[in-house]
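# Summary of structural features
So the chains spell out like this:
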Amino acid sequence: MIQLSGINKSYGTLKVLSDISLTIGDHEIVTVVGPSGAGKTTLLQIAGSLDSPDSGTVTYDGVEISRLRDKQLSQFRNRNIGFIFQFHQLLPEFTACENVALPALIGGLSRRKAMDKAAELLDMLGLSSRINHKPGELSGGERQRTAIARALINEPKVIFADEPTGSLDSKNRDDIRNVIADLRTRLGQTFVIVTHDPHMTTIADRVVTMADGKIVSETVRRSDIITLEIEEDKTELTAVNDIAESENNC
Ligand SMILES: Nc1ncnc2c1ncn2[C@@H]1O[C@H](COP(=O)(O)OP(=O)(O)OP(=O)(O)O)[C@@H](O)[C@H]1O
Ligand SMILES: [Mg+2]
């Protein structure tokens, strides 16, 4: 479970987030919607440990991530969190397979194992014939699915996505939505998705609406997540307790 409590963030005199509190349950798909400039990306980056709040806390299963040191935080992020960005941010000089394998290599997997796992994931996402293509040789939808595979390779507990369908046509948007819904059902991952896509809310358990740096409403679309039949629960937080303990020992 991820808990944000009393989060404030300003850039200079511009107050971007005001006293935000939000709980994200395991296996939930939460979408964050609201007008441009509302603070959605800022909130996602803070929840995903890529940015720090001025005040307030972010905890993962009770462990406050601001207490982790830089190296521990990177390790925690690498093992437990996946990111999908609007413009996928794939490395242009590497193939789809190499791009997907990268977080696993950083996490310490051998090149052979990382590449095999990347190929498997790309296959699962319907890209088996594209694994050796570079991003410039892929369509927008294929690039976005490659970015999803990259976010999944370390089997993270939670995936943060910032407008994952923002640059896609309606057919590819449908495909990505289905992939996300299917992944949650099969692997039990938690998804937090910032989106302007009105259809994305159809796969959401909860819709959080932001305006002017505040949460103005939360709509529960389904509350039976707990009884969801997850086929394979890969979502245990592997590193957080070890990391927190080693922090306490320092
Ligand atoms: N690094 C920064 N420095 C200064 N201001 C920033 C910075 N990042 C974001 N902002 C400002 O903070 C506000 C919230 O930005 P944010 O990117 O979180 O909005 P958003 O809800 O994601 O918008 P959009 O839907 O357009 O992506 C905006 O007014 C933006 O200009
Ligand atoms: Mg944004």
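This write-up is about the structure you can find in this document. Values in this document were obtained by computation on a predicted structure and should not be read as measured data.

What counts, and at which threshold
Residues numbered from 1 in each chain as written. Chains lettered and ligands numbered in written order. Predicted model: local features only at pLDDT ≥ 70, side-chain atom pairs only at ≥ 80, totals over all residues. Pairing = 2+ DSSP bridges. Helix = DSSP H or I, 4+ residues; strand = E, 2+ residues; numbered from the N terminus. Contact = placed C-beta atoms within 7 Å. Axes fitted to C-alpha atoms, helices over the stretch in contact; angles between N-to-C directions. Parallel < 35°, antiparallel > 145°, perpendicular 65-115°, else oblique. Left-handed = near helix turned anticlockwise from the far one by under 90°. Nonpolar A, V, L, I, M, F, W, Y, C, P; charged D, E, K, R; others polar. Buried ≥ 20, exposed ≤ 12 C-beta atoms within 10 Å, placed from the backbone. Core = buried A, V, L, I, M, F, W, Y, C linked by C-beta atoms within 7 Å.

All right, on to the sheet that holds strand E1 (residues 2-11) then. Taken in spatial order, the 4 strands of this open sheet run E2-E1-E4-E5, and their pairing is antiparallel. The sheet is open, and its two borders are formed by strand E2 (14-24) and strand E5 (63-64), each paired with just one other strand. Across 2 bridges, strand E4 (residues 55-60) lies against E5 in antiparallel orientation. Across the sheet, residue Tyr60 finds its bridge partner in E5, namely Val63. The strands that helix H1 (residues 40-47) touches are E1, E2 and E4; relative to E1, the one it contacts most, it runs at about 125°.

Attention now moves to the packing of helix H4 (residues 111-124) against helix H5 (residues 140-152). Each packed pair of helices is defined by two parameters, the angle between the axes and the distance between the axes. As a packed pair, H4 and H5 sit with axes 9 Å apart at the nearest point and diverge in direction by 130°. In terms of their interaxial angle, H4 and H5 are classed as oblique. The chirality of how H4 crosses H5 is right-handed. For the pair H4 and H5, the contacting residues are Ala118, Leu121 and Leu122 in the first and Thr146, Ala149 and Leu152 in the second. Residue composition of the contact of H4 with H5, grouped by class: 5 nonpolar, 1 polar and no charged.

Those residues of helix H3 (residues 96-106) that fall on the buried side of the exposure criterion are Ala96, Cys97, Asn99, Val100, Ala101, Pro103 and Ala104. Those residues of H3 that are buried are in contact with helix H2 (70-80), H4 and H5. In the segment just after H3, Gly108 is the residue with positive phi, at about 105°.

A separate point is the sheet that holds strand E9 (residues 206-211). A sheet is described by the order of its strands in space; here 6 strands give the open sequence E6-E7-E8-E3-E9-E10, paired in mixed fashion. Lying at the two open borders of the sheet, with one neighbouring strand each, are strand E6 (81-84) and strand E10 (214-220). Averaged over all neighbouring strand pairs, the angle between strand axes comes to 15°, with direction disregarded. Bridge count between E6 and strand E7 (residues 158-162): 4 bridges; the pairing is parallel. Pairing of Phe83 across the sheet is with Phe160, part of E7.

Val32 and Val192 are the most contacted members of the largest nonpolar core, which has 59 residues in total. If we skip the residues at most four places from it in the chain, Val192 touches Ile24, Val30, Val32, Leu44, Ala47, Val158 and Phe160.

Here we take up unusual backbone geometry. Residues other than glycine seldom take positive phi values, yet Asp61 does so here, at roughly 45°. Tracing the sequence through the fold places Asp61 in the loop between E4 and E5. The class for Asp61 is partly exposed, based on 15 C-beta atoms found within 10 Å. Within the chain, Glu155 stands out as a residue other than glycine whose phi angle is a positive 50°. For Glu155, the location among the structural elements is in the loop between H5 and E7.

By the criterion of burial, strand E8 (residues 190-194) is predominantly enclosed, with 5 of the 5 residues buried. Neither face of E8 is exposed, since Thr190, Val192 and Val194 on one face and Phe191 and Ile193 on the opposite face are all buried. In terms of strand pairing, strand E3 (residues 29-33) meets E8 through 4 bridges, oriented parallel. Each bridged residue has a counterpart across the sheet, and for Ile29 the counterpart in E8 is Phe191. Two elements, E7 and E8, share 5 bridges in a ladder whose sense is parallel. Pairing of Phe160 across the sheet is with Val192, part of E8.

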